[in-house]
Amino acid sequence: MAKEGSCLFRIGYFFYSRTRIGQIYHRRDIAKAREKYPDGKTHTTIQPFQYGDLTITPFPILLDNYSYILRDSKSAVIVDPGDPEPVIKYLKDNGISPEAVLVTHKHWDHSGGNTAMKQAYPNIRIYGGVHDNVNNVTDTVKDLDVLPFGDMRFTVHFTPGHTEGHVVYLLDGAPFGMSDSLFSGDLLFLGGCGRMFEAAPLVMLGSLDKVSNLKGDVLVWPGHEYANDNLDFACHLDNSNEESKNKYEWVKSQREKNLCTCPSTIEEERSYNPFLRTAEPGILEAVKVTEFEQPVTDETRAKILREIRTLKDSYKYKL
Ligand SMILES: [Zn+2]
């Protein structure tokens, strides 16, 4: 694709995100993933996590996406089934009949399964942010809406930046005797954050602050398996940060075994994720910001956020 920010990129992005051309592009991405992972292979081993009555299964799709299958004793919900075929096969093989699809944002790798899910499960409800023009939703959601399914209770948080109407879903852990769980889409990744396609850095900063201010024990379930590259960059950017070095070593060992790196926690993310550390000395030094007011203003933090994003986009990753 053309360089981000260029005129060509903006035109391409408009057609990808606003028209059915995006769907053609998405089909090509599915074909590429099938080529790389033939015969039902996946980028990550499927490994369900059990919390009391609740099972959370990070479900690997495409080249590096995660959909999530959540099931309690009464209901089942799917987050972002961007490639519906393997998701539906898994649901049928395991006798799961989902009640709802929760979509974080309109990009096709997250929303591209909506039509097929509706065809396979005609009574299913499909939820997407009211400001995001997500395809084929049955119900739009806004900030602080609460969605109950079985004993699962999700609160919607409006988190614009990656797209103008991006939302995240926070699952109340109390009924299952566990911490809350954040399905963060392309807002927050392990050690990173999504690109700011549709909003200014100050808007993205507000969304990142919103999730960073959640309780420290909240589990983070992101939309992509990007941990290895993100922590490689985090260690490069702020070499004095021991937390990022330790997490990077653990992530490398997980990925060598083809295992999932999520969930992390909000507390962990605050310790090593450079995009949540925009007021910290190690990061200010790394982006060579030497003059700033104390405490660091949001405007300064937004500039630092943009600078880190730019540095990351041009970073050459280790193999
Ligand atoms: Zn996206």
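Everything numeric here is computed off the predicted structure, so don't read it as measured data.

Visitor: What's the story with the coordination of the zinc ion in this structure? I'm lost.
Guide: Each pair of donors in an ideal four-coordinate tetrahedral metal site encloses 109.5 degrees, whereas pairs in an ideal six-coordinate octahedral site enclose 90 or 180 degrees. Protein-derived coordination of the zinc ion comes from His105 (NE2), His107 (ND1), His162 (NE2) and Asp186 (OD), at a distance range of 2.2 to 2.3 Å. Coordination geometry of the zinc ion: the four donor atoms subtend angles of 89 to 173° at the metal centre, consistent with an arrangement described as irregular. Read from N- to C-terminus, the donor residues coordinating the zinc ion fall into the pattern H-x1-H-x54-H-x23-D. Here Asp186 lies in the loop between β11 (181-185) and β12 (188-189) and His105 lies in the loop between β5 (100-102) and α4 (108-111), a separation of 81 residues in the sequence.

Visitor: Can you help me understand the layout of surface pockets in this one?
Guide: Which parts of space are left empty comes out when a probe the size of a water molecule is rolled across the atoms. Empty space within the second largest pocket amounts to approximately 380 Å³. Mapped onto the lining of the second largest pocket, the elements with two or more residues apiece are α2 (21-36), β2 (54-61) and α3 (84-93). With five residues, the single largest contributor to the lining of the second largest pocket is α3. A breakdown of the residues in the lining of the second largest pocket according to their chemical character gives 10 nonpolar, three polar and seven charged.

Visitor: When you look at the sheet that holds strand β9 (residues 152-158) in this model, what are you seeing that I'm missing?
Guide: The strand order across the open sheet formed by six strands is β8-β9-β10-β11-β14-β15, and the pairing between neighbours is mixed. Each edge of the open sheet is held by one strand with a lone partner, namely β8 (146-149) and β15 (264-265). Bridging between β8 and β9 involves four bridges; their strand directions are antiparallel. Looking at β9, one finds that Val146 is bridged to Thr155.

Visitor: Sorry, what's going on with the packing of aromatic side chains here?
Guide: The relative placement of two aromatic rings is captured by the distance of their centres and the angle of their planes. As enumerated under the stated definition, the model contains 14 aromatic pairs in all. Geometrically, the ring pair formed by Phe183 and Trp221 is stacked, given 6.2 Å between the ring centres and 10° between the ring planes. Of the two residues, Phe183 is situated in strand β11 and Trp221 in strand β14 (residues 219-222); the sequence distance between them amounts to 38 residues. A relative accessible area of 1% means that Phe183 is categorised as buried. Note on Phe189 and Tyr226: the rings are 4.9 Å apart at their centroids and 80° apart in plane angle, and the pair reads as edge-to-face. On the criterion of sequence distance, the pair formed by Phe189 in strand β12 and Tyr226 in the loop between β14 and α7 (227-237) is long-range, its members being 37 residues apart. On the basis of relative accessible area, Phe189 is assigned to the buried category, the value being 3%. Three or more aromatic residues link up through ring pairs in this structure, and these residues are Phe49, Tyr66, Tyr68, Tyr127, Phe149, Phe154, Phe183 and Trp221.

Visitor: Where do I start with the pattern of salt bridges in this structure?
Guide: Two side chains carrying opposite charge are able to pair once their charged atoms lie near each other. Tallied over the full model, the rule gives 22 salt bridges. For Lys252, the salt bridge identified is with Glu249, shortest N-O distance 3.3 Å. Of this pair, Lys252 and Glu249 both sit in helix α8 (residues 242-256), separated by three residues, roughly a single helical turn. For Lys252, a relative accessible area of 28% corresponds to the partly exposed category. Between Arg301 and Asp298 there is a salt bridge, and its shortest N-O distance comes to 3.0 Å. Of this pair, Arg301 and Asp298 both sit in helix α11 (residues 298-313), three residues apart, which is roughly one turn of that helix. Residue Arg301 is classed as buried on the basis of its relative accessible area, which comes to 12%.

Visitor: Is there a simple way to explain the nonpolar core in this structure?
Guide: Across soluble globular proteins, nonpolar side chains have a tendency to be buried as a group. Core analysis: the largest hydrophobic core is formed by 28 residues, its most contacted members being Leu182, Leu188, Leu208 and Ile308. Setting aside residues no more than four positions away along its own chain, Leu182 makes contact with Val168, Tyr169, Leu170, Val211, Leu214, Val218, Leu219, Val220, Trp221 and Ile266. Within the second largest apolar cluster, 27 residues are counted, among which are Tyr51, Ile56, Tyr127 and Leu147.

Visitor: For this particular structure, what's the right way to read the packing of helix α6 (residues 201-212) against α11?
Guide: A pair of packed helices can be characterised by two numbers: the angle between their axes and the separation between those axes. For the pair α6 and α11, interaxial distance at closest approach is 9 Å and the crossing angle is 100°. Considering their axes alone, α6 and α11 lie roughly perpendicular with respect to each other. Residues Pro201, Leu202, Met204, Leu205, Leu208 and Asp209 of α6 pack against Asp298, Glu299, Arg301, Ala302, Leu305 and Arg306 of α11. Grouping the amino acids of the contact of α6 with α11 by side-chain chemistry returns seven nonpolar, no polar and five charged.

Visitor: In this structure, what is going on with the pairing of strand β10 (residues 167-171)? I would like to understand it.
Guide: The side chains of a regular strand alternate between the sheet's two faces. Taking burial as the measure, the five residues of β10 include five buried ones, the bulk of the element. In terms of strand pairing, β9 meets β10 through five bridges, oriented antiparallel. Pairing of Phe158 across the sheet is with Val167, part of β10. Examined bridge by bridge, β10 and β11 share three bridges and lie antiparallel to one another. Considered in β11, the bridge of Leu171 is made with Ser181.

The rules behind each value
- Counting of residues starts from 1 at the beginning of each chain's written sequence and follows it residue by residue.
- Owing to the predicted nature of the model, reporting of local features is limited to residues with pLDDT of at least 70; listing and counting of side-chain atom pairs is limited to 80 or more, with chain, interface and lining totals taken over all residues.
- With hydrogens and water set aside, each side-chain value is computed from the structure's full complement of heavy atoms.
- Shown as donors are all N, O and S atoms within 2.8 Å of a metal ion, widened to 3.2 Å for Na, K and Ca; because water is not in the atom set, sites may appear incomplete.
- A four-donor site is called tetrahedral if each angle lies between 85 and 135 degrees; a four-donor site is square planar, and a six-donor site octahedral, when trans pairs exceed 155 degrees and the remaining angles lie between 65 and 115; all other cases are labelled irregular.
- Strands are runs of DSSP state E lasting at least two residues, helices are runs of H or I lasting at least four, and both sets are numbered from the N terminus onward.
- Here a cavity means grid points, on a 1 Å grid over the protein atoms only, where a 1.4 Å probe fits yet cannot get out; a pocket means an open set of points with protein on both sides within 12 Å along at least five of seven lines; lining residues are those with an atom within 4 Å of a point.
- Grid points are joined across faces, edges and corners, and a volume is the space filled by probe spheres set on the points.
- Side-chain classes are defined by residue name, with Ala, Val, Leu, Ile, Met, Phe, Trp, Tyr, Cys and Pro counting as nonpolar, Asp, Glu, Lys and Arg as charged, and the others, Gly among them, as polar.
- Paired strands, as defined in this entry, are two strands with at least two bridges between them according to DSSP.
- Only Phe, Tyr and Trp rings take part, Trp by its six-membered ring, and two of them pair if their centres are within 6.5 Å. Stacked means planes under 30 degrees apart, edge-to-face means over 60, and tilted covers everything else.
- Relative accessibility under 20% of the residue-type maximum defines a buried residue, over 50% an exposed one, and the middle range a partly exposed one, all with a 1.4 Å probe and only protein chains included.
- The salt bridge criterion pairs a side-chain nitrogen of Lys or Arg with a carboxyl oxygen of Asp or Glu, the two atoms within 4 Å.
- Here, nonpolar core refers to any group of buried Ala, Val, Leu, Ile, Met, Phe, Trp, Tyr and Cys residues whose side-chain atoms link them within 4.5 Å.
- For this analysis, residues touch if any pair of their heavy atoms sits within 4.5 Å.
- Throughout, an axis means a line fitted to C-alpha atoms (over the contacting stretch in the case of helices), and angles, computed between N-to-C directions, take values from 0 to 180 degrees.
- The scheme is simple: roughly parallel for angles under 35 degrees, roughly antiparallel for over 145, roughly perpendicular for 65 to 115, oblique for anything else.

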